[in-house]
Amino acid sequence: MTVRKQAFMHYSDQPLLDLVEDIYKAAPPLEIAGSTSKDPHNHRVSKTSWILPEGDENIAIFEKLFSVAMDASTRAKWNFEAEVLEPLQYTHYGVGDKYDWHVDQIIDDEDNENCRKLSFTLLLNDDFEGGNLDIECGSPGNPERVKTIELQKGDIVFFPSYLWHRVTSVTSGERHSLVGWIQGPVWK
């Protein structure tokens, strides 16, 4: 019997809607984010801030997200060995802001015993246009290789950190999301 692994796991029944206000409260002031020197061809325009696992409220957010992430890994048949939820990135995209195609897995860090295995995006609002999350799920020859994930406020999507993905330009309003990465031992 062959078990097919899923490219992504989308929770659309809004299981994390109750966390949205807590995340807004936990988010520090935003700073401009941009492309990094490690990937100069990747165009990124947004603002971000970092939520740390400090204080009871923030720790509760981290515990809930880690639990849901491990459930997603199991349900999608990834079964990643994962241990650490990195600091959470609160991201704001205004009109014209975007994040071009990229992967989240950092593969050139020889000093780290862990690597990013699971990425996620939790949408904090849905009163904007554009700003689609696209994930490349197929081969270049497949005309349907890119999947646009339809998210509503409180929805979360998980995917392996090695998958190419992007956020298209916001055309109206402001897009707010929480992005996270779960690390585990380096791939063997």
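Residues numbered from 1 in each chain as written. Predicted model: local features only at pLDDT ≥ 70, side-chain atom pairs only at ≥ 80, totals over all residues. Heavy atoms only, no water.

Draft legend 1. Representation of the overall build of the protein chain. Scanning the protein chain from terminus to terminus reveals 2 helices and 14 strands. Scored against the burial criterion, the 188 residues of the protein chain give a buried share of 46%. Long-range contacts, defined here as pairs at least 24 residues apart, represent 83% of the contacts in the protein chain between residues at least 6 apart. When the accessible surface of the protein chain is summed, it comes to about 10300 Å², and 48% of that surface belongs to carbon and sulfur atoms. (Helix = DSSP H or I, 4+ residues; strand = E, 2+ residues; numbered from the N terminus. Buried < 20%, exposed > 50% of the residue type's maximum accessible area, 1.4 Å probe, protein only. Contact = heavy atoms within 4.5 Å. Areas by Shrake-Rupley, 256 points an atom, 1.4 Å probe, with all protein chains shown as cover.)

Draft legend 2. Structural detail: the nonpolar core. Counting 31 residues, the largest nonpolar core has Ile51, Leu65, Leu88 and Phe158 as its most contacted members. Listing elements by their share of this core, those giving two or more residues are strand 1 (9-11), helix 1 (20-26), helix 2 (56-75), strand 5 (88-93), strand 7 (114-123), strand 11 (156-160) and strand 14 (175-185). When residues in this core are grouped by element, the largest group, 7 residues, is from helix 2. With near-sequence residues (within four places) excluded, Phe158 lies in contact with Phe8, Met9, Tyr11, Val68, Ala69, Ala72, Trp78, Leu118, Ser119 and Phe120. With 13 residues, the next largest nonpolar core counts Phe128, Ile149, Phe159 and Val167 among its residues. (Core = buried A, V, L, I, M, F, W, Y, C linked by side-chain atoms within 4.5 Å.)

Draft legend 3. Focus on helix 2. An ideal rise of 1.5 Å per residue puts 28 Å on 20 residues; helix 2 measures up with 29 Å between its terminal C-alpha atoms. Along helix 2, the residues classified as buried are Asn58, Ile61, Phe62, Leu65, Val68, Ala69, Met70, Ala72 and Ser73. (Expected span 1.5 Å × (residues − 1).)

Draft legend 4. Quick look at the packing of aromatic side chains. This model, assessed by the stated rule, comprises 7 aromatic pairs. Taking the centre distance of 6.0 Å and the plane angle of 35 degrees together, the rings of Trp50 and Trp181 count as tilted. In this pair, Trp50 sits in strand 3 (residues 44-51) while Trp181 sits in strand 14, placing the two residues 131 residues apart along the sequence. A relative accessible area of 40% places Trp50 in the partly exposed class. On the basis of relative accessibility, which here comes to 5%, the residue Trp181 falls in the buried class. The rings of Trp78, Phe80, Tyr162 and Trp187 are connected pair by pair, giving a single aromatic cluster. For the cation-ring pair, Lys117 lies above Trp187, with the distance from its terminal atom to the ring centre recorded as 4.5 Å. (Phe/Tyr/Trp six-rings, centres within 6.5 Å; stacked < 30°, edge-to-face > 60°. Lys NZ or Arg CZ within 6 Å of the ring centre and 35° of its normal.)

Draft legend 5. Just a negative patch on the surface, in detail. Taken together, the side chains of Asp18, Glu21, Asp22, Asp56 and Glu57 make up a negatively charged region of the molecular surface. Elements represented by at least two residues in the negative patch include exactly helix 1 and helix 2. For Asp18, the location among the structural elements is in the loop between strand 1 and helix 1. On the basis of relative accessibility, which here comes to 54%, the residue Asp18 falls in the exposed class. (Patch = residues over 30% accessible without salt bridge, like charges linked within 9 Å, V, L, I, M, F, W, Y side chains within 5 Å. Salt bridge = Lys/Arg side-chain N within 4 Å of Asp/Glu carboxyl O. Lys, Arg positive; Asp, Glu negative; His and termini not counted. Charge placed at Lys NZ, Arg CZ, Asp CG, Glu CD.)

Draft legend 6. Local environment of unusual backbone geometry. Phi is positive for Lys77, close to 70 degrees, though the residue is something other than glycine. Looking at where Lys77 falls in the secondary structure, it is placed in the loop between helix 2 and strand 4 (84-85). Positive phi is not limited to glycine here, since Asn79 has a value of about 50 degrees. A relative accessible area of 52% places Asn79 in the exposed class.

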